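# Secondary and tertiary structure notes
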Amino acid sequence: MPLNLNRVSLRISAGLPRQFPTDPMVQIAFSGRSNVGKSSLINSLLGRKSLARVSSEPGKTITINFYDVDKKLFLVDLPGYGFAKRRPEDKAQWSALTDGYFTKNPNLDLLRLVVQLIDSRVGPTADDEMMLQFLRQSQIPFVIVATKSDKLNATERRRSEELLRNHPEIPTDTPILFYSSMKNTGRDELWKLLSEASGIKL
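Within each chain, residue numbers correspond to sequence positions counted from 1 in written order. Residues qualify for local features only when their pLDDT is at least 70, as the model is predicted, and side-chain atom pairs are given and counted only at 80 or more; totals for whole chains, interfaces and linings, by contrast, use all residues. Water and hydrogen atoms play no part in the side-chain values, which are based on all heavy atoms of the structure.

## Description of the overall build of the protein
Heads up, the condition is: Numbering of helices and strands runs from the N terminus; a helix is a DSSP stretch of H or I covering at least four residues, while a strand is a stretch of E covering at least two. Note on method: radius of gyration uses C-alpha positions; expected globular size equals 2.2 Å times residues raised to 0.38.
Along the protein, the regular secondary structure elements total 5 helices and 7 strands. Taken from N to C terminus, the helices and strands of the protein fall in the order β-β-α-β-β-α-β-α-β-α-β-α. Its C-alpha atoms give the protein a radius of gyration of 16 Å, within 12% of the compact-globule value 17 Å for 202 residues. For the protein, the spread of C-alpha atoms along the principal axes amounts to about 45 × 45 × 35 Å.

## Side note on unusual backbone geometry
Note the threshold: Burial classes follow relative accessibility: with a 1.4 Å probe on protein chains only, a residue under 20% of its type's maximum area counts as buried, one over 50% as exposed, and anything between as partly exposed.
A positive phi angle is found at asparagine 35, which is not glycine, with a value near 70°. One non-glycine residue with positive phi stands out, namely asparagine 184, at about 60°. The topology assignment puts asparagine 184 in the loop between strand S7 (176-178) and helix H5 (187-198). The exposure class of asparagine 184 is partly exposed, given its relative accessible area of 38%.

## Side note on the side chain of glutamine 27
Operational definition: The term polar contact refers here to a pair of N or O atoms within 3.5 Å; inside protein, the definition further demands a hydrogen-donor-capable atom paired with an acceptor-capable atom, and it admits residues adjacent in sequence only when both atoms are side-chain atoms. Here, two residues are considered to be in contact whenever any of their heavy atoms come within 4.5 Å of each other.
Note on placement: glutamine 27 falls in strand S2 (residues 26-31). A polar atom in the side chain of glutamine 27 sits 3.1 Å from the side chain of asparagine 105. Look past the residues within four positions of glutamine 27 in its chain and what remains in contact with it is Phe66, Phe74, Val76, Tyr101, Asn105, Asn107, Leu110, Leu111, Arg112 and Leu113.

## A short note on the environment of valine 114
Residue placement: valine 114 occurs in strand S5 (residues 111-119). Placed 80 residues apart in sequence, valine 114 and leucine 194 show a C-alpha to C-alpha distance of 9.6 Å. Dropping the residues within four chain positions of it, valine 114 is found in contact with Ala29, Ser31, Phe102, Leu135, Ile140, Pro141, Phe142 and Val143.

## A few points about the environment of isoleucine 64
In this structure, isoleucine 64 sits in strand S3 (residues 64-69). Expressed as a C-alpha distance, the spacing of isoleucine 64 and threonine 125, which sit 61 residues apart in the sequence, is 22 Å. In this view, isoleucine 64 contacts Ile12, Ser13, Ala14, Phe20, Val76, Asp77, Leu78, Pro79, Leu97 and Tyr101; residues no more than four positions away in its chain are not counted.

## Considering the pattern of salt bridges
Put simply, the test is: Any carboxyl oxygen of Asp or Glu that lies within 4 Å of a side-chain nitrogen of Lys or Arg is treated as forming a salt bridge with it.
Enumeration according to the criterion identifies 11 salt bridges in this entry. Measuring nitrogen to oxygen at the nearest pair gives 2.6 Å for the salt bridge that ties aspartate 77 to lysine 38. You can see aspartate 77 sitting in strand S4 (residues 73-77) and its partner lysine 38 sitting in helix H1 (residues 38-46), a full 39 residues away along the chain. For glutamate 161, the salt bridge identified is with arginine 165, shortest N-O distance 3.2 Å. Within this pair, glutamate 161 and its partner arginine 165 are both found in helix H4 (residues 154-165), separated by 4 residues, close to a single helical turn. Judged by relative accessible area, which is 26%, glutamate 161 ranks as partly exposed. Linked through salt bridges whose partners overlap, the residues forming this network are Arg11, Asp23, Asp68 and Lys71.

## What about the pairing of S4?
Defined as follows: Any two strands with at least two DSSP bridges between them are considered paired.
Most of S4 sits out of view: 5 of its 5 residues are buried. Every second residue of S4 is oriented toward a common face, with Leu73, Leu75 and Asp77 on one face and Phe74 and Val76 on the other, all of them buried. Here 5 bridges tie S2 to S4, and the two strands are oriented parallel to one another. Its bridge partner lying in S4, isoleucine 28 is registered against leucine 75. Where S3 meets S4, 5 bridges bridge the pair, whose relative direction is antiparallel. By the bridge assignment, valine 69 is partnered in S4 with leucine 73.

Structure (structure tokens):
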């Protein structure tokens, strides 16, 4: 049966690893710095306006949000990193929670892909590079999604794509997709990648 995007809910906003769901469902995780547009992208993917809350204060909420899609798939929204105004204790909490997802997740073997979001206007930051290094060293499959692509003109987009394709932390065979949550540009292409990674038909 194809995935029913009308059956979507926020299962839990987990603030501790022990709160992670134990359902044996495939997981796709979304990673990126604060204000990169993760919530907007998830809403765009799921055809919703406000299922994933778009915060006016980047980095304020430190939880991992598990979105249940048709009882077949978890879309996992990891907390944003790299927010300069975050207190040291909050940064430590973020680090512990995110590390817990990759080390204490009861269904880590069901994690099929990490969607690594990078602001297409900025390119990979030092924090992005640290995350990319972790994913490579952990041998976790990932794709790159360059967000806010509607804000680039043709020349800027070519420059951004060249920067990503030639970045030393991004293997040459890594899929790179430009996405606009405002216009849903790249939505079908990203769902195709998620379907291939998860083995779940759309």
